[in-house]
Amino acid sequence: MEDQEMQLKVKRVTDKFTESMYVLANEPSVALYRLQEHVRRSLPELVQHKTDMQSWEEQSQGAIYSVEYACSAVKSMTNSSLYFKSIDGLLRQTISLKEQISNSQGRRKRALDPAMLKEGGEKHSSGM
C-alpha cells in the first residue's frame, strides 16, 4: 500500500513539475527572448536584401529614364520630317543657284578668252 501511495505522490510531483516546466517554457518573456534571437539572426540578411533592392531600384530608374529619353527623341524625329523637307528644298535651291553661277561664270570666261588671246598674241608678236 505504501508503494502505491509513493507512486501516486511521485506521479503528482512529476505532473506538477511537468506543468511548471510547460508554463515556464511558454512564458511571455521566453517567447520574447526567442523572438529577439530570431530577429537578431535574420536582420542582417534582411538589411542586405534591402540594400540590394535599393540598388536595383536605382538601376531600373536609370534605365527607365534612358528609355523615356529615347522615346521622346524618336517622337521628335518623326515630327522633324517637315524640317527635313524644308532643308531638302533649300539644298535643291542652293544647288540650282550654284549651277547658274557656274554657268554664268563659264560664259563670261569664254567671252573673255578670245580677247585675252588677242592681247596675248599681240604681245607675243610684238615682242619678237
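Residues numbered from 1 in each chain as written. Predicted model: local features only at pLDDT ≥ 70, side-chain atom pairs only at ≥ 80, totals over all residues. Heavy atoms only, no water.

Some thoughts on the overall build of the protein chain
Condition: Elements are defined by DSSP. Helices are runs of H or I of four residues or more, strands are runs of E of two residues or more, and each kind is numbered from the N terminus. Under the scheme applied here, a residue whose accessible area is under 20% of the maximum for its type counts as buried, over 50% as exposed, and between as partly exposed, the area being computed with a 1.4 Å probe on protein chains only. All accessible areas in this document rest on Shrake-Rupley with a 1.4 Å probe, and a residue is counted as covered only by the protein chains that are shown.
A count of helices and strands for the protein chain gives three helices and zero strands. Listing every helix and strand of the protein chain by position from the N terminus yields α-α-α. Sorting the 128 residues of the protein chain into buried and exposed places 2% on the buried side. Summed over its atoms, the accessible surface of the protein chain is roughly 12,400 Å², and 62% of this surface lies on carbon and sulfur atoms.

As for the packing of aromatic side chains
For any two aromatic rings, the description comes down to two numbers: the centre-to-centre distance and the angle of the planes. Short version of the rule: In summary, the pairing rule links any two rings of Phe, Tyr or Trp, Trp by its six-membered ring, whose centres are within 6.5 Å, and it sorts them by plane angle into stacked for under 30 degrees, edge-to-face for over 60 and tilted for everything else.
Applying the stated rule across the entire model yields one aromatic pair. Each ring, one from tyrosine 65 and one from tyrosine 69, has its centre 6.5 Å from the other, and the planes form 20°; the classification is stacked. Of the two residues, tyrosine 65 and tyrosine 69 are both situated in helix α2 (residues 28-79); the distance of four residues between them amounts to about one turn of the helix.

Considering helix α1 (residues 2-25)
Since the α-helix packs 3.6 residues into each turn, any two residues three or four apart lie on the same face. Defined as follows: Given a helix with a known number of residues, its expected span is that number minus one, times 1.5 Å.
The end-to-end C-alpha distance of α1 is 34 Å, a good match for the 34 Å that 24 residues give at a rise of 1.5 Å each. In terms of burial, α1 is a largely surface element, zero of the 24 residues being buried.

Overview of the confidence of the model for the protein chain
Which entries qualify depends on this criterion: pLDDT runs from 0 to 100 and stands for how confident the predictor is about each residue.
In this model, the protein chain carries an average pLDDT of 84, and 87% of its residues clear a pLDDT of 70 or more. Per-element confidence in the protein chain is highest for α2, whose mean pLDDT is 91, and lowest for helix α3 (residues 81-127), whose mean pLDDT is 77.

A word on the pattern of salt bridges
As a reminder of what qualifies: Counted as salt bridges are all cases of a side-chain nitrogen of Lys or Arg within 4 Å of a carboxyl oxygen of Asp or Glu.
With the rule as written, the count across this model stands at three salt bridges. Across the salt bridge formed by lysine 11 and aspartate 15, the nearest N and O atoms sit 3.8 Å from each other. Pair noted here: lysine 11 and aspartate 15 are both in helix α1, with a separation of four residues, about one helical turn. By relative accessible area, which is 41% here, aspartate 15 ends up partly exposed. Among the salt bridges present, the one from glutamate 37 reaches arginine 41, with a minimum N-O distance of 3.1 Å. Of this pair, glutamate 37 and arginine 41 both sit in helix α2, four residues apart, which is roughly one turn of that helix. Its relative accessible area of 58% is what places arginine 41 among the exposed residues.

Let's talk about a nonpolar patch on the surface
Basically, it comes down to this: Two distance rules govern patches: like charges are joined within 9 Å, and nonpolar side chains (Val, Leu, Ile, Met, Phe, Trp, Tyr) within 5 Å, applied only to residues with over 30% relative accessible area and no salt bridge.
A cluster of nonpolar side chains, namely Leu32, Leu35, Val39, Leu43, Leu46 and Val47, defines an oily patch on the protein surface of about 560 Å² accessible area. Mapped onto the elements, leucine 43 comes out in helix α2. For leucine 43, a relative accessible area of 45% corresponds to the partly exposed category.

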